Amino acid sequence: MARRIGQSFWRDFFQLCGAVGRAMKVTLLNLIRRPVTVHYPDKTRAYPDRYRGLLALTYDKETGEENCIGCRLCEYICPPQVIKVEMLKAEKRNYAKVFTLELYACEFCELCVQVCPTDAIIMMKSFDMSTADRRELLLDKDRLHQIGLMFEPSWATGNLLRDMQTPPKAPARHEAEPAKAAEAGAKPGGKAE
Ligand code: SF4
Ligand code: SF4
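This section reports on the structure supplied with the text. (Residues numbered from 1 in each chain as written. Chains lettered and ligands numbered in written order. Predicted model: local features only at pLDDT ≥ 70, side-chain atom pairs only at ≥ 80, totals over all residues. Heavy atoms only, no water.)

**Observations concerning the overall build of the chain**
Thought 1: Looking only at helices and strands, the chain has 6 helices and 5 strands in total.
Thought 2: Each helix (α) and strand (β) of the chain, taken in turn from the N terminus, gives the series α-β-α-β-β-α-β-β-α-α-α.
Thought 3: A total of 193 residues make up the chain; the buried ones form 23% of that total.
Thought 4: The contacts of the chain with a sequence gap of at least 6 include a subset with a gap of at least 24, amounting to 70%.
Thought 5: When the accessible surface of the chain is split by element, carbon and sulfur atoms take 57% of a total near 14600 Å². (Helix = DSSP H or I, 4+ residues; strand = E, 2+ residues; numbered from the N terminus. Buried < 20%, exposed > 50% of the residue type's maximum accessible area, 1.4 Å probe, protein only. Contact = heavy atoms within 4.5 Å. Areas by Shrake-Rupley, 256 points an atom, 1.4 Å probe, with all protein chains shown as cover.)

**Considerations on the sheet that holds strand β3 (residues 95–102)**
Thought 1: Across the sheet, which stays open at both edges, the 3 strands sit in the order β2-β3-β5 with antiparallel pairing between neighbours. The sheet is open, and its two borders are formed by β2 (83–88) and β5 (138–139), each paired with just one other strand.
Thought 2: Pairing analysis gives 2 bridges linking β3 to β5, with the strands arranged antiparallel. Its bridge partner lying in β5, E102 is registered against L138. (Pairing = 2+ DSSP bridges.)

**Brief notes about the pairing of β3**
Thought 1: Bridge analysis of β2 against β3 gives 6 bridges, and the strand direction is antiparallel. Across the sheet, the residue bridging to L88 is Y95, located in β3.

**Concerning the layout of surface pockets**
Thought 1: In this model, the largest pocket occupies a volume close to 230 Å³.
Thought 2: In terms of lining residues, the largest pocket is bounded by L57, T58, Y59, K61, N67, D119, I122, H145, G148, L149, F151 and P153.
Thought 3: Counting residues per element, the lining of the largest pocket draws most heavily on helix α4 (residues 141–150), which supplies 3 residues.
Thought 4: For the lining of the largest pocket, the class distribution of residues is 6 nonpolar, 4 polar and 2 charged. (1 Å grid on protein atoms, 1.4 Å probe; cavity = no way out; pocket = protein on both sides within 12 Å on 5 of 7 lines; lining within 4 Å. Points joined across faces, edges and corners; volume = space filled by probe spheres on them. Nonpolar A, V, L, I, M, F, W, Y, C, P; charged D, E, K, R; others polar.)

**With respect to a nonpolar patch on the surface**
Thought 1: Nonpolar side chains collect at one region of the surface, where F9, W10, F13 and F14 lie side by side and expose about 460 Å² of accessible area between them.
Thought 2: Structurally, the position occupied by F9 is in helix α1 (residues 2–32). (Patch = residues over 30% accessible without salt bridge, like charges linked within 9 Å, V, L, I, M, F, W, Y side chains within 5 Å. Salt bridge = Lys/Arg side-chain N within 4 Å of Asp/Glu carboxyl O.)

**Section: the nonpolar core**
Thought 1: Grouped together as the largest cluster of nonpolar side chains are 31 residues, with contacts concentrated most on L55, I83, F99, L103, I121 and I147.
Thought 2: Contributing elements (two or more residues each) for this core: β1 (55–57), β2, β3, α3 (111–115), β4 (121–123) and α4.
Thought 3: Setting aside chain neighbours within four positions, we find F99 in contact with L57, C68, C74, I83, K84, V85, I121, L139, D140, K141 and L144. (Core = buried A, V, L, I, M, F, W, Y, C linked by side-chain atoms within 4.5 Å.)

**Considerations on the pattern of salt bridges**
Thought 1: Going through the model one piece at a time under the given rule, you end up with 7 salt bridges.
Thought 2: The closest approach of N and O atoms between R135 and D133, which form a salt bridge, is 3.1 Å.
Thought 3: R135 gets classed as exposed once you look at its relative accessible area, which sits at 66%.

Function-wise, these values are silent; they only describe arrangement.
Written out as structure tokens, the structure is:
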């Protein structure tokens, strides 16, 4: 009986030593491994090409005018209803008199970007707006324009995204007929015209 207890003690002891040894090996390997973290915000990583982060409003590059025409499409599509727009009607075009976005409740779903007819609202290649004060994330029109100038814009605009999603048009009949004839001529036994 005493012999059997002694055997089981030594078996458990060696198993424990083996487990401690394996754990220490992992610790030692990580001590000499290069860190995978960076000292943010002193160092930042390059964002992936398709990164889409903070929302912003844009100006027309040629005229310097605001691109937003106050149409409110983004307000209607926004699932958590964090956008509020008031339209200002003017002679040549309309503007947004008021534009607010509650970034703290935004889902970053990008629907507002996708529906915007003038590419006025876009996403930026940055998330760099952490704050301890929630009120700073209630963005008004000026702040949204400022963010648009501060960071690099994402590749995706409403017009680009809609172009990508539009199915290719069927060729017109006068274009389709010669193509069909050429196809029939190319087939073995087909009649070339
Ligand atoms: S990204 Fe989505 S949730 Fe955020 S403002 Fe746009 S539509 Fe609303
Ligand atoms: S950001 Fe675009 S969708 Fe929203 S109100 Fe302005 S023009 Fe309309």
